[in-house]
Amino acid sequence: EAQVTQNPRYLITVTGKKLTVTCSQNMNHEYMSWYRQDPGLGLRQIYYSMNVEVTDKGDVPEGYKVSRKEKRNFPLILESPSPNQTSLYFCASSLSLAGAEKLFFGSGTQLSVL
Amino acid sequence: AQSVTQLGSHVSVSEGALVLLRCNYSSSVPPYLFWYVQYPNQGLQLLLKYTSAATLVKGINGFEAEFKKSETSFHLTKPSAHMSDAAEYFCAVTASNTGFQKLVFGTGTRLLVSP
């Protein structure tokens, strides 16, 4: 089944403790991205990747890192999480960057930073 | 730069009534427009998209939207609401020449359907 898989589904951590949220897609998609969803703000793009080893900042990249060493994986890294990074995070992928393609979303990761 | 405005953070309808969710966009170049739906505890699913072909776009689950350039609108409609339509709906816009790297989402509209 074609899907975008995120793990974990829920995560509670403390300020400053490094964490990684994994994202994997099985559709051989070139484009992958991370969004955070906050009430009243909709979804905002954190980082995106157009292909292996090609990443770029979105609208809210501060405090986040990403890597794209393999085509299928696009982990989101929080080196020193802070409470303002408490949010619902979504990974998404598409066959290409072109907006006419379909964008597939993962089920989300609810992160709480205490 | 592109932007979207969704009018109404919550919309309530009765089962069987018309659903109308409003979205206005701003774009200096020809836009691509999307409607996504998010059911509780799930990711977003594409309902429909406009990519410069027909201005009336039909999507899944009986939804449709009409691109009106003169009004810079892309409102989502469904003739008859069903209980299963209760969800949050997001309008999104990007420019045809930038694709998903500049996809901008609205703040969302929660649709409540009462029996």
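Please refer to the structure placed before this passage.
All residue numbers here refer to positions counted from 1 along the written sequence of the relevant chain. Working convention: letters from A go to chains and numbers from 1 go to ligands, in the order in which they are written. Totals for whole chains, interfaces and linings use every residue, but because this is a predicted model, local features are given only for residues with pLDDT of at least 70 and side-chain atom pairs only at 80 or more, for both listing and counting. To get the side-chain values, all heavy atoms of the structure are used, and hydrogens and water are removed first.

**Brief notes about the overall build of chain B**
What counts, and what does not: Only DSSP runs of H or I covering at least 4 residues are called helices, and only runs of E covering at least 2 are called strands; the numbering of each starts at the N terminus. The quantity called the radius of gyration is restricted to C-alpha atoms. Its globule counterpart is 2.2 Å times the number of residues to the power 0.38. Only protein chains enter the calculation, and the probe is 1.4 Å; a residue is then buried if its accessible area is under 20% of its type maximum, exposed if over 50%, and partly exposed in between. Contacts are assigned to residue pairs with any non-hydrogen atoms lying within 4.5 Å of each other. The method behind every accessible area is Shrake-Rupley, applied with a 1.4 Å probe, and residues are considered shielded solely by the protein chains displayed.
Regarding its fold elements, chain B presents 0 helices and 11 strands. Listed N to C, the secondary structure of chain B is β-β-β-β-β-β-β-β-β-β-β in terms of helices and strands. Radius of gyration (C-alpha) of chain B: 13 Å, near the 13 Å computed for a compact globule of 115 residues. In terms of overall dimensions, chain B has a C-alpha envelope of 45 × 30 × 20 Å along the principal axes. Each of the 115 residues in chain B was classed as buried or not, and the buried ones make up 46%. Of the contacts formed within chain B by residues at least 6 apart in sequence, a portion of 58% connects residues at least 24 apart. Approximately 5,200 Å² of chain B is accessible, and the part contributed by carbon and sulfur atoms is 53%.

**Topic: the interface of chain B and chain A**
Selection criterion: Summed over both partners, the accessible surface that disappears when two parts come together, traced with a 1.4 Å probe, is what is meant by buried area. Any Lys or Arg side-chain nitrogen located within 4 Å of an Asp or Glu carboxyl oxygen qualifies as a salt bridge. Any pair of nitrogen or oxygen atoms within 3.5 Å is treated as a polar contact; in protein, a donor-acceptor pairing is required on top of that, and neighbouring residues in sequence qualify only through side-chain atoms on both sides. Residues were grouped as follows: Ala, Val, Leu, Ile, Met, Phe, Trp, Tyr, Cys and Pro as nonpolar; Asp, Glu, Lys and Arg as charged; and all remaining residues, including Gly, as polar.
With 21 residues of chain B at the contact, the number on the chain A side is 25 residues. With both chains or domains summed, chain B and chain A bury close to 1,700 Å², and 56% of this area falls on carbon and sulfur atoms. A per-residue breakdown of the area chain B buries against chain A is headed by Phe100, Gln101 and Phe105 of chain B, which together make up 36% of the total. Where chain B packs against chain A, one counts 0 salt bridges. Scanning the region where chain B abuts chain A turns up 2 residue pairs in polar contact (both at pLDDT 80 or more). If you list the elements that add at least two residues to the side of chain B that touches chain A, you get strand E4 (31-38), strand E5 (44-50) and strand E9 (87-95) of chain B. Of the residues in the side of chain B that touches chain A, the class split is 9 nonpolar, 10 polar and 2 charged.

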